[in-house]
Amino acid sequence: MKKRVMLSALSLLLALSALTACSGGTGTASSAPASSAASSAASSAADSSGAAAPADSGAPITVEFFQQQGEQAIQDGYRAIIEKFQKEYPNITIEMNTVPESATVLTNRIASNDIPAIFTDWPTQQQFKLKSAAGYVEPITGEAFLSQSSEDAVEMTRQPDGELYALPYARNYMTVYYNIDIFEANGIEIPTTYDELIQVCKDLQAKDILPMYFAFKDVGHVFQATNICFVPGGVEQMAKVITGEATIVDDPAFVKFAERMLEMATYGNEDAFSVNNSLAQESFANGKCAMLLAGSYARGNIVLANPNLNFGAFALPGDTVESTTSLAGVNAAQCIAATATPEEKDAGLKFLEFLSRTENAQEWSDISGEPSCIKGTTFSDERMSPMLKFLERGQNHDWMASTLPNNVVNDLYQVTQGFLMDQDISKYLKDMEESIKVNSAS
């Protein structure tokens, strides 16, 4: 029975892999002994002054860390922590592996029984639920280092079987980055409603300043952020389309959402369909526009492109502050493969424990530009405070793939890209509904 479940889940994962958001041995042996060893080694690694000393070295081992986020700043953050880890554990070599189309690569490696010993994944997504249910991911429930992560983030990642399979390490959200100098030079305040946002765009455009920069070549996250902001309960309504309990065709809220996407696009760059996320972030960093709708993961890349840029962030506004909902959730978290050898699992638990230490999480956050889930860390850039303060209101919605199948979400990206080209709202909503029905049945 277990084998049939794994094969069934694998078939679904293969279907979803191209559309997702970033060893030897078999079985799911208990990780408790490895946990004890990891905790013991971590304790003995610190001397009386609190400084880390090399841990008791065992047999040399090299462990792959399949890290799915391609942003340069995030990779740099992990490299810095890996370098520190290997000074404390000189017998363990962590080899970080980051590749294009990582979700597809990981799923193909699962299919060929070549699962990386340690990998990052998105534990609130449906595709991860399939992986954990099928036995591909090692449960880490009860590991002491999980208490280092905030309780709400940990609970968000709990799977239907009640187990925990990942260390929540960073939060992510969609936000509007803005050039503080441009705003201040033109007497512009941060908008708190959609109407105010459009007025800001009009004022900037009147002064020959490009208000926004869009990457419609990578339209997916803009689609998610605008839909969640402009259609309260829209994700749940799309889920009901799958079960035949609802429709979005001609729905007034979805019509307004589509109208607003088109309206916002009129204040953006003309070459949006040839621009990807990286180019949009670079363009914003170089002062080519006043605002950029992007994820928290973009901040590090913007800083790398222009360390001197004075920029902040605020929530994409809805009709009112009270009705605004932001797209926010848990970013890629660290996992251990159930198929890893006992030695790899032991090394993996040591690595996760090391990552969870406050000082290491703080360093990673400072370098990557991502807000950490680890207790005791602070987000170093006060200019992001308008966004972070809004998130504290609790008016947030997780990414669509936590509710909808990944292939449904990602096909909607293509449908949305087509809509922004032909600008036919009626056709768009019909195409959305058809896409949801067809892809949820596949």
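Residues numbered from 1 in each chain as written. Predicted model: local features only at pLDDT ≥ 70, side-chain atom pairs only at ≥ 80, totals over all residues. Heavy atoms only, no water.

### What to know about the sheet that holds strand β1 (residues 61–66)
Sheet architecture is open: 4 strands sit in the order β2-β1-β3-β9, paired in mixed fashion. The sheet is open, and its two borders are formed by β2 (92–97) and β9 (333–336), each paired with just one other strand. Here the average twist between neighbouring strands, direction ignored, is 25°. (Pairing = 2+ DSSP bridges. Helix = DSSP H or I, 4+ residues; strand = E, 2+ residues; numbered from the N terminus. Axes fitted to C-alpha atoms, helices over the stretch in contact; angles between N-to-C directions.)

### Some remarks on the packing of aromatic side chains
Counted by the stated rule, this structure contains 20 aromatic pairs. Judged by centre distance (5.8 Å) and plane angle (65°), the rings of Tyr 177 and Phe 311 are edge-to-face. Pair noted here: Tyr 177 is in strand β4 (residues 171–179) and Phe 311 is in strand β7 (residues 311–314), with a separation of 134 residues, a long-range link. Comparing Tyr 177 with Phe 311, the two get one shared label, buried. (Phe/Tyr/Trp six-rings, centres within 6.5 Å; stacked < 30°, edge-to-face > 60°. Buried < 20%, exposed > 50% of the residue type's maximum accessible area, 1.4 Å probe, protein only.)

### A look at the pattern of salt bridges
Tallying each qualifying case throughout the model produces 19 salt bridges. With a closest N to O distance of 2.7 Å, Glu 64 and Arg 109 form a salt bridge. Remark: Arg 109 occurs in helix α4 (residues 102–111) and Glu 64 occurs in strand β1; sequence separation between them is 45 residues. The class for Arg 109 is buried, based on a relative accessible area of 14%. (Salt bridge = Lys/Arg side-chain N within 4 Å of Asp/Glu carboxyl O.)

### Things to note about helix α17 (residues 406–422)
In this model α17 runs 25 Å from its N-terminal to its C-terminal C-alpha over 17 residues, within 8% of the 24 Å that 1.5 Å per residue would give. The buried count for α17 comes to 12 of 17 residues, which makes it a mostly enclosed element. Buried within α17 are the following residues: Asn 406, Asn 407, Val 408, Val 409, Asn 410, Leu 412, Tyr 413, Val 415, Thr 416, Gln 417, Phe 419 and Leu 420. Just downstream of α17 lies Gln 423, where phi reads positive at about 60°. (Expected span 1.5 Å × (residues − 1).)

### Side note on the pairing of β2
For a regular strand, side chains alternate in direction, first toward one face of the sheet and then toward the other. As paired elements, β1 and β2 share 6 bridges and run parallel to each other. Each bridged residue has a counterpart across the sheet, and for Phe 65 the counterpart in β2 is Met 96. Once you follow β1 into helix α3 (residues 72–88) and on to β2, the crossover reads as right-handed. (Right-handed = clockwise from strand over helix to strand, strands pointing away.)

### Focus: a negative patch on the surface
A surface patch of like charges, here negative, comprises Asp 195, Glu 196, Glu 259 and Glu 263. Mapped onto the negative patch, the elements with two or more residues apiece are α8 (194–206) and α11 (252–265). Along the chain, Glu 263 turns up in helix α11. (Patch = residues over 30% accessible without salt bridge, like charges linked within 9 Å, V, L, I, M, F, W, Y side chains within 5 Å. Areas by Shrake-Rupley, 256 points an atom, 1.4 Å probe, with all protein chains shown as cover. Lys, Arg positive; Asp, Glu negative; His and termini not counted. Charge placed at Lys NZ, Arg CZ, Asp CG, Glu CD.)

### Side note on unusual backbone geometry
You will see that Asn 113, though not glycine, has its phi angle at about 55°, which is positive. Examined against the element boundaries, Asn 113 turns out to sit in the loop between α4 and β3 (118–121). For Asn 113, a relative accessible area of 47% translates into the label partly exposed. Notably, Asp 250 is not glycine yet its phi reads approximately 65°, a positive angle. With respect to the element layout, Asp 250 can be found in the loop between α10 (234–243) and α11.

### Things to note about the packing of helix α9 (residues 220–230) against α11
Where α9 contacts α11, the two axes come as close as 9 Å, and the packing angle between them is 130°. With respect to α11, the element α9 is oriented oblique. Considering the relative orientation of α9 and α11, their crossing is right-handed. Facing α9, whose interface residues are Phe 223, Thr 226, Asn 227 and Phe 230, α11 presents Ala 253, Phe 254, Lys 256, Phe 257, Arg 260, Met 261 and Met 264. Of the residues belonging to the contact of α9 with α11, the class tally is 7 nonpolar, 2 polar and 2 charged. (Parallel < 35°, antiparallel > 145°, perpendicular 65-115°, else oblique. Left-handed = near helix turned anticlockwise from the far one by under 90°. Contact = heavy atoms within 4.5 Å. Nonpolar A, V, L, I, M, F, W, Y, C, P; charged D, E, K, R; others polar.)

### Structural notes on the side chain of Arg 260
Turning to its location among the elements, Arg 260 is positioned in helix α11. Look at Arg 260 and you get buried, because its relative accessible area is 9%. If sequence neighbours within four positions are ignored, Arg 260 has contacts with Tyr 194, Phe 230 and Asp 319.

### Digging into the nonpolar core
Of all hydrophobic cores here, the largest spans 128 residues; its most connected members are Tyr 177, Met 238, Met 291 and Met 432. When residues of this core are assigned to their parent elements, the largest contribution, 7 residues, is made by α17. (Core = buried A, V, L, I, M, F, W, Y, C linked by side-chain atoms within 4.5 Å.)

### Focus: helix α15 (residues 358–368)
Helical periodicity: at 3.6 residues per turn, an α-helix aligns residues three or four positions apart in one direction. Along α15, the residues that are buried comprise Asn 360, Ala 361, Gln 362, Trp 364, Ser 365 and Ser 368. Each element contacted by the buried residues of α15 is listed here: α3, α13 (298–305) and α14 (342–356). One or two steps after α15, the chain reaches Gly 369, where phi turns positive at roughly 85°.

### A few points about the environment of Met 387
Relative to the helices and strands, Met 387 is located in helix α16 (residues 385–391). Take Met 387: its relative accessible area is 0%, and that puts it in the buried class. With 211 residues separating them in the primary sequence, Met 387 and Val 176 have C-alpha atoms 8.5 Å apart. Each residue touching Met 387, except ones within four places of it in the same chain, is listed here: Tyr 173, Met 174, Thr 175, Ala 313, Phe 314, Ala 315 and Ser 326.

### Notes on the environment of Thr 325
Mapped onto the elements of the fold, Thr 325 is located in the loop between β7 and β8 (326–330). The contacts of Thr 325, once residues within four sequence positions are left out, are Ile 228, Cys 229, Gln 395, Asn 396 and His 397.

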